[in-house]
Amino acid sequence: MKATAKANVNIALIKYWGKRDEELILPTNNSLSLTLDGLYTTTTVHFKSELTEDRFYLDGKQVTGVPYERVTQFLDIVRKEANEENLYAEVRSENHVPTAAGFASSASGFAALAAASTKAIGLELTEEELSRITRRGSGSACRSIYGGFAEWKMGEKEDGSDSYAVQIAPKNFWDIRIAAVILTDEKKSVSSRDGMKRTVETSPFFQGWVESSFTDLTRMKEGIENRDFAMCGEIAEANCLKMHATTLGANPPFTYWTDSTMKVMQEVRKMREEGIPAYFTIDAGPNVKVIYLPEHEEIIQKRLQAIPEVTNITLSKAGDGITYL
Ligand code: 2P0
């Protein structure tokens, strides 16, 4: 009863920002992402009859507290599904993603955990079923089941049975790339989970965000289908700005941006003015992801590296979905 899975992070081009059900993790809008290669989590889950509780090790260190609780609560869902409610697991994860600095390590983390735990306990799931159960660990993780472009369909049902991700296009459909620009390793002060909740409950801009995200999503899918880079880049950038605008309207207000974040945004705009096609997107943290085409990789890397506040840049192509090791 042991399995190992590897999951890559994904970067949302149309963001998930807001839940209609906190417990079941049901979103208020559809989102769309690109799964990356090179930023991933590998997780081994070993169910053992002699264990009386779960154990969770991240990069070799035993984890307690809230991150441990989230893992055991997720395993409870898997146990229930498999009718094995008294079977506990040893979980060992290796994270190849900087944690809690705007990179969705929860996405690769819960996708790898879901894939390894469901396989180890003997559940035979379709990709859609796996995506649906993965969603219960962390919303964005349900998109990391797939390689290439994936869309998380919010669904309409109260029980969440129609809320899961599907693949829009495989990784070799279109070679678009993402530079993850690292500005700081500091932990953010408002988690995405708390930030999202506060925004839904208090921001007068939230409704506008939800409404406009549906148009953005439809147009983004058209842009991907036509491999129209400018169209996809413009929509991704605008969608990200609208998501971040909701946080300024929250009570108390907050932002994930720092002055360094804005410097990178400014440099991307400047490159565009000079005819270098590049667009940015930003998640729940200060770091910036820059979207570009392979023929501009060298110049874009050089320009980003020249920004003094930039500490590291990771260049990624589109990656695979879940793999079992
Ligand atoms: C996304 N983010 O679509 C958006 C953009 C952050 C900004 O999904 O509460 O860790 O576990 O469902 O998935 C981060 O939120 O939140 C996120 P939960 P999650 O990638």
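Residues numbered from 1 in each chain as written. Predicted model: local features only at pLDDT ≥ 70, side-chain atom pairs only at ≥ 80, totals over all residues. Heavy atoms only, no water.

Regarding helix α5 (residues 206-225)
Point 1. Taking 1.5 Å per residue as the helical rise, α5 with its 20 residues ought to reach 28 Å, and the 29 Å between its terminal C-alpha atoms agrees with that figure.
Point 2. Looking at α5, one finds that the buried residues are F206, W209, V210, S212, S213, D216, L217, M220, G223 and I224.
Point 3. Contact partners of the buried residues in α5: β1 (2-14), β4 (31-48), β8 (149-153), α4 (192-202) and α6 (229-248).
Point 4. Among the residues trailing α5, R227 stands out with phi positive, at a value near 50 degrees. (Helix = DSSP H or I, 4+ residues; strand = E, 2+ residues; numbered from the N terminus. Expected span 1.5 Å × (residues − 1). Buried < 20%, exposed > 50% of the residue type's maximum accessible area, 1.4 Å probe, protein only. Contact = heavy atoms within 4.5 Å.)

Description of the site of the ligand
Point 1. Around the ligand sit 17 residues in total, of which Y16, K19, S138, G139 and S140 are the nearest.
Point 2. Between the ligand and R70 there is a distance of 3.3 Å, counted from an oxygen atom to a side-chain nitrogen or oxygen.
Point 3. S138 is positioned with one of its side-chain polar atoms (N or O) 2.7 Å from an oxygen atom of the ligand.
Point 4. In the complex, 95% of the free accessible area of the ligand, which totals 470 Å², lies under the protein chains.
Point 5. The dominant element in the shell around the ligand, judged by the number of residues it contributes, is α4, at three residues.
Point 6. Its residues assigned to classes, the shell around the ligand comprises six nonpolar, five polar and six charged. (Near = heavy atom within 4 Å. Polar contact = N/O pair within 3.5 Å; in protein donor to acceptor, adjacent residues only side chain to side chain. Areas by Shrake-Rupley, 256 points an atom, 1.4 Å probe, with all protein chains shown as cover. Nonpolar A, V, L, I, M, F, W, Y, C, P; charged D, E, K, R; others polar.)

Re the state of the cysteines
Point 1. Going through the model one piece at a time under the given rule, you end up with zero disulfides.
Point 2. Here C142 stays free of any disulfide, with the sulfur of C240 as its closest cysteine sulfur at 20 Å.
Point 3. Free cysteine: C232, not disulfide-bonded; nearest cysteine sulfur from C240 at 15 Å.
Point 4. Given a relative accessible area of 6%, C232 falls into the buried group. (Disulfide = S-S within 2.5 Å.)

Digging into a negative patch on the surface
Point 1. On the surface, E81, E127, E128 and E129 cluster together to form a negatively charged patch.
Point 2. A per-element tally of the negative patch places helix α3 (residues 127-135) first, with three residues.
Point 3. Inspection of the secondary structure puts E128 in helix α3.
Point 4. On the basis of relative accessibility, which here comes to 36%, the residue E128 falls in the partly exposed class. (Patch = residues over 30% accessible without salt bridge, like charges linked within 9 Å, V, L, I, M, F, W, Y side chains within 5 Å. Salt bridge = Lys/Arg side-chain N within 4 Å of Asp/Glu carboxyl O. Lys, Arg positive; Asp, Glu negative; His and termini not counted. Charge placed at Lys NZ, Arg CZ, Asp CG, Glu CD.)

Here we look at the packing of aromatic side chains
Point 1. Applying the stated criterion to the full structure yields seven aromatic pairs.
Point 2. Relative to Y256, the ring of W17 lies with its centre 6.2 Å away and its plane at 85 degrees, an arrangement referred to as edge-to-face. One end of the pair, W17, is in the loop between β1 and β2 (19-21); the other, Y256, is in the loop between α6 and α7 (259-273), with 239 residues separating them in the sequence. Here W17 and Y256 have matching classes, each one buried.
Point 3. A centroid spacing of 5.5 Å and a plane angle of 85 degrees characterise the contact between F254 and Y256, whose relative ring orientation is edge-to-face. (Phe/Tyr/Trp six-rings, centres within 6.5 Å; stacked < 30°, edge-to-face > 60°.)

Points about the nonpolar core
Point 1. Ranked by internal contacts, the top residues of the largest apolar core, which has 50 residues, are W17, V45, F47, V91 and L113.
Point 2. Elements supplying a minimum of two residues to this core: β1, β4, α1 (65-82), β7 (88-95), α2 (105-120), α3, β8 and α5.
Point 3. Residue contributions to this core peak at eight residues, all from α2.
Point 4. Among the nonpolar cores identified, the runner-up in size contains 26 residues, and L36, F229, C232 and A236 belong to it. (Core = buried A, V, L, I, M, F, W, Y, C linked by side-chain atoms within 4.5 Å.)

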